[in-house]
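# Observations on chain architecture
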Amino acid sequence: MKLWQKIFLISLLGIYVAVEGTAVTVTWSNFKSIIEQEEEQAVSSHNDMAAGIVNRVLYERLRQNKVILSQEAVYSVVNEMISSRQNSGSFTEIYSEGEPWYTYGPELLKEKEAFRIKTARSEGTLAMITEYQNAVYCIAGTRITMEGVDYEIYTVSDVTSIYTARKKQIRNIGIISILFSVGISVILMAYVYRLLAPLRDINRFLNEMADGNYGLRLEKKGNIEFQTLEENVNIMAESIENHVERVQGIADERKQFINNLAHEMKTPLTSIMGFADILRIKREVSEKQRREYADIIVKEAGRLKSLSGKILELATTESVRLDYENVAVKDLFTEVYTALLPVFKKRGISLRVSSEEVRVYVDRELFKSLLYNLLDNALKASDSGGEIRLQCARRDGAVLFSVSDDGVGMTKEQVKRVTEPFYMVDKSRSRKAGGAGLGLALCVEIAKRHHARLNISSRPGRGTTVYIRMKEGVKA
Amino acid sequence: MIRILIVEDDENIARMIEAAISIVGYDCEISMDGNEAVVKIMENHYDLILLDVMLPGLDGFEVIQKIQCREVPVIFLTAMQNVSDKVRGLRLGAEDYIVKPFEAVELLARIEVVLRRYHKSSRSLKYEDIRVDIEKHTVTKGGKSVALTPKEFDVLVFFLQNQDIALTRERLLAAVWGYEFEGESRTVDIHVQQVRRKMGLQKKLITIPKLGYRLERQ
């Protein structure tokens, strides 16, 4: 059930019970006092009449100057006195020794034997209210003694009209309370419905968002509670939008990576497959051709091998647990220098290494691999006779490594893209040197694992410098 | 003489294509850059262009748009496998689309189809005393006509077009039946035997164990 429906039903019921309850209680107590009053009145007028009868009988005896009046004489006195007052609204009956002595109209009292016995035994006046043939009567009764005989005298008055009035009143109250509760409930419901308008907006908004519209924002309106909710929903939408964008970015990057990888794998595969097929299907292959074809197949297979090696390296760098230690940069540089010197000599390029006394907290092998890759790039960019510098110094509370060459350099556009996997500034030059376009992507990954930042500054024809900025390690 | 321009920036792939094409005796030239290729096509006459999509300078799609006026048939070579690239290439007027890596014979077969479509390869083929008219679908041996079923005719033509090349059963299936159904190389064997018997090629159309068949050059 919806909230407004619940509110409607509960308020309807509540108001109905309250109005009806109050009204019924008030009418009831009101009715009771009316009844009591009626009873009292009936009793007092009954007493007056009873006293009147007794006096009249006494007066008659004195007038007739008798010692005692006969029952017949009493009857005629009583009859003379009462008969004129008998009507359907109120009438008097007299019983003597349990038998009706003077009766009128409905035989109501015949059935009320218990009341009559009680009256005969009691000293004062008794009253009761009873129903008889769809009418309600108030009976008042007293025992009197006239001329030595005991009588019970009763006054019966019809009080049906009071009851009818009450019934009518209760019915009216019922109708009024229903009207009231319906009216108030409708007003309340309309008000609640209007109050909940922002909630419906939020709902619609969330549905839109579920459909993928992350760019939408809620307008702030409604009560303060709703405004807080709307604000929070907006904050949530913002964060979802950011997350989705980031995830989308990662997915796009991955897709691009896979596309490039496929391309880079298919290129050597095409040569390998083509030449192998030619060797297979050609009837006569000269010795020179055979050697040439086989040579290309081997070289291209080597390319595939180095590509798969780099891919594996990239994958493990992302996931492998690193073995961090505090390393003196000088030691690190000595190792790198010794390892690379033969390559540099062969290419006719000099390598200059210099470092301050400083330590870094790194995975030794992985960090060396980072330096090798950068130096390898510098080597590829340089011509014979050039110089490459590997330096390390403290700068602004951090350690700054730099690898610089005076080689071909790059344009701004190329610098921006050079860390993308498989991007090669000069494809044919890079391929001849056996590159797969993954070196710098790997460097960025290694730097990331060391919380270091990689920056490249380069000018075409003037050379390139790559900087690595990282925190200084603790002294050993 | 048929002249083919290979536009491919990977040197080894270009050399491979050149080696494959030279088997069937076509003349070819290599260009490794989009801009250079456009200049060459504008200045020289070629019967067919083999165009790589990813090129330095202009890419393959740009090249084909620039050379539209020359009306040279183009076959795209690409490592990309997605359909949208293929559709784009064909819409720009390419004749065919070959995905790397590919077999040498497949390349040759596709080249043959395009050249034939442009009526650049001969419509009649000769082999010893066999004469085949591709247009009229007729075969004669020593002046007498030989009755071949359509598939046998296609098999014979494919052998004549690829003389001295070992043809695998799969390649024959793809070329003649137009699709590659596996496990049905028996069909190929039966047709080759029929052609061999009807054309009297028992000595020339030889079986190469584990590989396929080869029609030796006369």
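The structure contained in this document is the topic of the report that follows.

### Here's the deal with the packing of helix H1 (residues 3-64) of chain A against helix H2 (residues 71-82) of chain A
Residues and elements named next belong to chain A. Direction vectors running N to C along H1 and H2 enclose 130°, while the axes themselves pass 10 Å from each other. The angle between H1 and H2 places the two elements in the oblique class. Crossing geometry of H1 relative to H2 is assigned as right-handed. Taken together, the residues of H2 that come into contact with H1 (itself represented by Ile53, Arg56, Val57 and Glu60) are Val74, Val77, Val78 and Met81. Counted by class, the contact of H1 with H2 contains six nonpolar, no polar and two charged residues.

### Structural notes on the nonpolar core
If you look at the biggest cluster of nonpolar residues, it comprises 65 residues, and the most contacted ones within it are Val7, Ile17, Ala20, Ile49, Leu50, Leu51 and Leu156 of chain B. No other element matches the seven residues that helix H1 (residues 11-23) of chain B contributes to this core. For valine 7 of chain B, the residues in contact, after removing those within four places along its chain, are Ser31, Ala37, Ile49, Leu50, Leu51, Asp52, Leu55 and Val63 of chain B. Ranked by size, the runner-up nonpolar core spans 31 residues in total, among them Ala378, Ile388, Leu438 and Leu454 of chain A.

### Some remarks on the sheet that holds strand E8 (residues 138-141) of chain B
Residue and element names in this part refer to chain B. Spatial ordering of the open sheet is given by E6-E7-E8-E9, a layout of four strands whose pairing is antiparallel. At either end of the open sheet lies a strand with only one pairing partner, and these are strand E6 (124-127) and strand E9 (144-145). Sheet analysis places strand E7 (residues 130-133) next to E8, joined by four bridges and oriented antiparallel. From the neighbouring strand, arginine 131 faces E8, where its bridge partner is threonine 140.

### Remarks on unusual backbone geometry
A cis amide bond, omega -5°, links lysine 100 of chain B with the succeeding residue proline 101 of chain B. You will see that aspartate 396 of chain A, though not glycine, has its phi angle at about 50°, which is positive. In this structure, aspartate 396 of chain A sits in the loop between strand E9 (387-395) and strand E10 (398-405). For histidine 451 of chain A, which is not glycine, the phi dihedral falls at a positive 55°.

Cut-offs and rules
- Residues numbered from 1 in each chain as written.
- Chains lettered and ligands numbered in written order.
- Predicted model: local features only at pLDDT ≥ 70, side-chain atom pairs only at ≥ 80, totals over all residues.
- Axes fitted to C-alpha atoms, helices over the stretch in contact; angles between N-to-C directions.
- Helix = DSSP H or I, 4+ residues; strand = E, 2+ residues; numbered from the N terminus.
- Parallel < 35°, antiparallel > 145°, perpendicular 65-115°, else oblique.
- Left-handed = near helix turned anticlockwise from the far one by under 90°.
- Contact = placed C-beta atoms within 7 Å.
- Nonpolar A, V, L, I, M, F, W, Y, C, P; charged D, E, K, R; others polar.
- Core = buried A, V, L, I, M, F, W, Y, C linked by C-beta atoms within 7 Å.
- Buried ≥ 20, exposed ≤ 12 C-beta atoms within 10 Å, placed from the backbone.
- Pairing = 2+ DSSP bridges.

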